[in-house]
Amino acid sequence: MLADAIAAERFRLLRDRSALFWGFCFAPLVGFMLSVGGDLFLRAIVKKPMPGVTVGLVDQMIKAVADGASTFSVLFLMIGAAAVLAGDYRWETWRLLTPRNTRQNLLLAKLVVVGEAIFWSLVLTAGLSAAAAVIGSAIGERALAFSAFDRNLFDVVGVLAVTWLEAMTLAALAACVGVLTRSTMGVVIVCLGVRFVQTVIASSLRLLEQGQPSWKLMAIPVYDADLLRATLLDATQLGAPAAHAGPALAVLVAWAALLTAGAVFLFRRQDLTKE
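**Details of the nonpolar core**
Formed by 52 residues in total, the largest nonpolar core has its most connected members in Met78 and Ile118. Taken together, the elements giving at least two residues each to this core come down to helix H1 (2–14), helix H2 (17–24), helix H4 (57–66), helix H5 (71–85), helix H8 (103–140), helix H9 (153–181), helix H10 (184–208) and helix H13 (245–268). Among the elements that make up this core, the one with the highest residue count is H9 (14 residues). Aside from chain neighbours lying at most four places away, what touches Ile118 is Phe24, Leu77, Trp164, Ala167, Met168 and Ala171. Of all hydrophobic cores here, the second largest spans 15 residues; its members include Ala202, Leu205, Ile220 and Ala245.

Dropping the structure here:
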């Protein structure tokens, strides 16, 4: 039954071209155009080749994927998530769906499809960043290397997995907000605000704690994701905080699981007779 619900939600999203483009394709495309545009601008200013500068292909991919859950990217990811998670409130179609499957399966299917879309959006981000690195090296006549810091594709996969999990904590929050507010706009505003507030609080606490993990910092998903990415890329340089990578991963998973459970709990008790 859950598989049927997932297949149906995937079918609906693939035919919602507006949500698919603006939610999951637009931010990667903007990043690609800004990168290429920056290289063109720099070449126009410098007006001479820069052969001494090396462009790391994998390094560019890691940087782009690590920023895949930034405040800017989250704005568009949540637009796509809101269309999937709260669109049925807008179009008043829940009355048509609930007789065909359980409420739990219907909501979980939406979250699974959002998770798939976020994953492919991050893959697109990595692919376009690699293309931008190749084009940029040709524009500036710079040397193109696989990596300037001895990174490999496993590092890209690891960073992508952490960023995906970070984004899924917001997707689970979007499910809760969508059920409570019954509004697509409410989902976007709340999730974007939460992401921004997390960034500000994490930055402030880092200064107060002098870079050392504390229970306050560890409770913030943004900090946990940054800690995991730093540990994956260079645990020795990170030092003592790298020992907290396990708890950071557990906190991220716990946030996603608790918010998902909360969304299902609220949805199963919601009156949908007018939706």
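**With respect to the pattern of salt bridges**
Oppositely charged side chains are able to pair whenever their charged atoms sit close together. The full count for this structure, using the stated rule, is 13 salt bridges. Residue Glu92 is joined to Arg95 by a salt bridge in which the shortest nitrogen-to-oxygen separation is 3.9 Å. Assessed through its relative accessible area of 43%, Glu92 is described here as partly exposed. Among the salt bridges present, the one from Asp226 reaches Arg206, with a minimum N-O distance of 3.1 Å. In this pair, Asp226 sits in helix H12 (residues 221–238) while Arg206 sits in helix H10, placing the two residues 20 residues apart along the sequence. Each of Glu166, Arg195, Arg206, Asp226 and Arg229 takes part in one network of salt bridges that share partners.

**Some words on the side chain of Thr125**
Here Thr125 lies in helix H8. Apart from residues lying up to four places away in sequence, Thr125 is in contact with Pro28, Ala64 and Val65.

**Some points on the environment of Ala66**
Residue placement: Ala66 occurs in helix H4. What makes Ala66 partly exposed here is its relative accessible area of 22%. Taking the C-alpha atoms as reference, Ala66 lies 8.5 Å from Asp226; in sequence the two are 160 residues apart. Residues in contact with Ala66, not counting those within four places in the same chain, are Val159, Thr163 and Arg229.

Each value, and the rule that gives it
Residues numbered from 1 in each chain as written. Predicted model: local features only at pLDDT ≥ 70, side-chain atom pairs only at ≥ 80, totals over all residues. Heavy atoms only, no water. Core = buried A, V, L, I, M, F, W, Y, C linked by side-chain atoms within 4.5 Å. Buried < 20%, exposed > 50% of the residue type's maximum accessible area, 1.4 Å probe, protein only. Helix = DSSP H or I, 4+ residues; strand = E, 2+ residues; numbered from the N terminus. Contact = heavy atoms within 4.5 Å. Salt bridge = Lys/Arg side-chain N within 4 Å of Asp/Glu carboxyl O.

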